[in-house]
Amino acid sequence: RRPTGAAPSVPDLSALTDEVVASFDGYADPRGRELLTDLVRTLHGYAIRNDLTPPEWQRAIGFLTEAGHITTGTRQEFILLSDTLGVSSVVDALANSRTPGTTSSAILGPFYVAGPPAAEHGSDIAGGLSGTPLWSDIRVTGPEGKPVAEAVVDVWQSNEDGFYDVQLPDLEGPVLRARFTTDADGRLTFWSILPSEYPIPDDGPVGRMLSAVGRHPYRAPHLHFLINAPGYQPLITQLFVRGGAYLDGAPGQRDAVFGVKDDLITDFTPRTGPTPDGRPVDGEWRLLD
Ligand code: MBD
Ligand code: FE
């Protein structure tokens, strides 16, 4: 039994930490050893600095176990946890914030599906879903402004209610996701619908964490892009709808995954028809310049 009165001081546990670190000496991959070593030192330090109790650590393990469980479809929540704690944005910034003159990158998110269906320029990727028509006209250029032909551009987005196709089991086949290849001018064009603000899945442990700290689960309206071209580094990015919700605000009141970068906020200009390809559109349509 622990005596009452002054709390006993935290013991010196450095020999234990050092022994664990030394146990990695056989790891042939030097980078792996470095990362594992710092992970152990960081976790031991975390436990010691906070005088962590066994029930607290059991609760943490329970949370992580639940986050790793597959609930609906193929969804588990580690990526959401990384996104909502800002770790994805830190890793993204480390990799991509040091190439001036290029379009900023953004995080991938949980809803990318590899190998989306190839689509023709000017085609409609909305598959008949309702929403504000959106005409996108995009040019892919290199850092010096030279058009990049034959770039493979994957696009994916949510519908007007904020759901991605993989969250809508009644939909047939991929919708609001497509793969384009840029023409000689580096261009691609397509029809879709304006994305809306969108709550990240919040029916699991990450949602409980957000509500415990008083945070909302919403992302600012965005379109996702993954661009691959020979001779260039791939670019994962997002474009945000200027004037959309959750673009700014106090900490925890903006975009729930800390994903907005100012230069990715884009004008989606209201226009009235007819469309460039002669398609009749009711009311307003929008051009992404
Ligand atoms: C999304 O749609 C998204 O783009 C990110 C980064 C995280 C959760 C949901
Ligand atoms: Fe998204």
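Quick caveat: nothing in here was measured; it's all calculated off a predicted structure.

Cut-offs used in this document
- Residues numbered from 1 in each chain as written.
- Chains lettered and ligands numbered in written order.
- Predicted model: local features only at pLDDT ≥ 70, side-chain atom pairs only at ≥ 80, totals over all residues.
- Helix = DSSP H or I, 4+ residues; strand = E, 2+ residues; numbered from the N terminus.
- Expected span 1.5 Å × (residues − 1).
- Buried ≥ 20, exposed ≤ 12 C-beta atoms within 10 Å, placed from the backbone.
- Near = placed C-beta within 6 Å.
- Nonpolar A, V, L, I, M, F, W, Y, C, P; charged D, E, K, R; others polar.
- Core = buried A, V, L, I, M, F, W, Y, C linked by C-beta atoms within 7 Å.
- Contact = placed C-beta atoms within 7 Å.
- pLDDT = per-residue confidence, 0-100.
- Domains from an automatic or database assignment.
- Pairing = 2+ DSSP bridges.
- Axes fitted to C-alpha atoms, helices over the stretch in contact; angles between N-to-C directions.
- Parallel < 35°, antiparallel > 145°, perpendicular 65-115°, else oblique.
- Left-handed = near helix turned anticlockwise from the far one by under 90°.

Trainee: Would you take a moment to explain helix α3 (residues 54-68) for this structure?
Mentor: Each α-helix turn comprises 3.6 residues. Residues three or four places apart therefore point the same way. When the terminal C-alpha atoms of α3 are compared, their 21 Å separation across 15 residues agrees well with the 21 Å that a helix rising 1.5 Å per residue should span. Within α3, only zero of the 15 residues are buried, leaving the element largely exposed.

Trainee: Would you explain the site of ligand 1 in this entry?
Mentor: Around ligand 1, the surrounding shell consists of Asp 83, Ile 107, Gly 109, Pro 110, Phe 111, Ile 200, Arg 219, Val 257 and Gly 259. Looking at the shell around ligand 1, its residues break down into five nonpolar, two polar and two charged.

Trainee: Before we go on, may I ask you to explain the nonpolar core in this structure?
Mentor: Looking at soluble globular proteins, one finds that nonpolar side chains tend to be buried together. Counting 40 residues, the largest nonpolar core has Val 153, Val 155, Phe 180 and Ile 227 as the members making the most contacts within it. Breaking this core down by element, the ones donating at least two residues are β2 (133-139), β3 (152-157), β4 (177-181), β5 (187-193), α6 (205-212), β8 (222-228) and β9 (235-241). Ranked by residues supplied to this core, first place goes to β9 with four residues. Non-local contacts of Val 155, meaning those with residues more than four positions away in its chain, are made with Ile 125, Arg 177, Ala 178, Phe 180, Leu 223, His 224 and Phe 225.

Trainee: Sorry if this is basic, but what is going on with the confidence of the model for the protein here?
Mentor: Where the model shows low pLDDT, its predicted coordinates should not be examined in detail. Here the protein averages 88 in pLDDT, while 90% of its residues score no lower than 70. Two numbers describe this predicted complex: its pTM, 0.87, and its ipTM, 0.97.

Trainee: Honestly, the domain arrangement of the protein in this entry has me stumped. Any pointers?
Mentor: Size of an interface: often given as the accessible area lost when the parts come together. Domain annotation of the protein identifies domain 1 (14-68) and domain 2 (78-288). On a C-alpha basis, the centres of domain 1 and domain 2 stand 36 Å from each other. If you look at the interface, domain 1 gives four residues, while domain 2 gives four residues. When grouped by side-chain class, the residues that make up the side of domain 1 that touches domain 2 number two nonpolar, one polar and one charged.

Trainee: I'm lost on the pairing of β5 in this one. Help?
Mentor: Consecutive residues of a regular strand have side chains that alternate between opposite faces of the sheet. In the sheet, strand β1 (residues 123-124) pairs with β5 via two bridges, with the strands oriented parallel. Pairing of Asp 124 across the sheet is with Trp 191, part of β5. Where β2 meets β5, seven bridges bridge the pair, whose relative direction is antiparallel. Within β5, the residue paired with Ser 136 across the bridge is Phe 190.

Trainee: I would appreciate a short explanation of unusual backbone geometry in the present structure.
Mentor: Residues other than glycine predominantly adopt negative phi, and peptide bonds predominantly adopt the trans conformation. Here Asp 51, not a glycine, exhibits a phi torsion of approximately 45°, which is positive. Backbone geometry at Phe 258 places phi at a positive 55°, although glycine is not the residue there. Within the secondary structure layout, Phe 258 lies in the loop between β9 and β10 (265-266). The exposure class assigned to Phe 258 is buried, which follows from the 20 C-beta atoms found within 10 Å.

Trainee: Where do I start with the sheet that holds β9 in this structure?
Mentor: Strand pairing in a sheet relies on backbone hydrogen bonds. The paired strands run either parallel or antiparallel. The strand order across the open sheet built from five strands is β4-β3-β8-β9-β10, with neighbouring strands paired in mixed fashion. Of all the strands in the sheet, the pair left with one neighbour each is β4 and β10. As defined by bridge partners, β8 adjoins β9 across six bridges and the pair is classed as antiparallel. Across the sheet, His 222 pairs through a bridge with Phe 240, a residue of β9.

Trainee: Just to check I follow, could you spell out the packing of helix α1 (residues 14-22) against helix α2 (residues 30-49) for this structure?
Mentor: Axes are the key here: two packed helices are described by the angle between their axes and the distance separating the axes. Relative orientation of the contacting elements α1 and α2 amounts to 160°, with a least axis distance of 9 Å. The pairing of α1 with α2 is recorded here as roughly antiparallel in orientation. Crossing geometry of α1 relative to α2 is assigned as right-handed. Residues Thr 17, Val 20 and Val 21 of α1 form the contact with α2, whose own contacting residues are Thr 37, Val 40, Arg 41 and His 44. Across the contact of α1 with α2, the residue classes break down as three nonpolar, three polar and one charged.

Trainee: Looking at this structure, how should I read the environment of Leu 235?
Mentor: Mapping Leu 235 onto the fold places it in strand β9. Overall, Leu 235 belongs to the buried group, with 20 C-beta atoms counted inside 10 Å. Considering only alpha carbons, one finds Leu 235 and Glu 160, 75 residues apart in sequence, at a separation of 26 Å. Beyond its immediate sequence surroundings of up to four residues, Leu 235 is in contact with Thr 103, Ser 105 and Ile 227.

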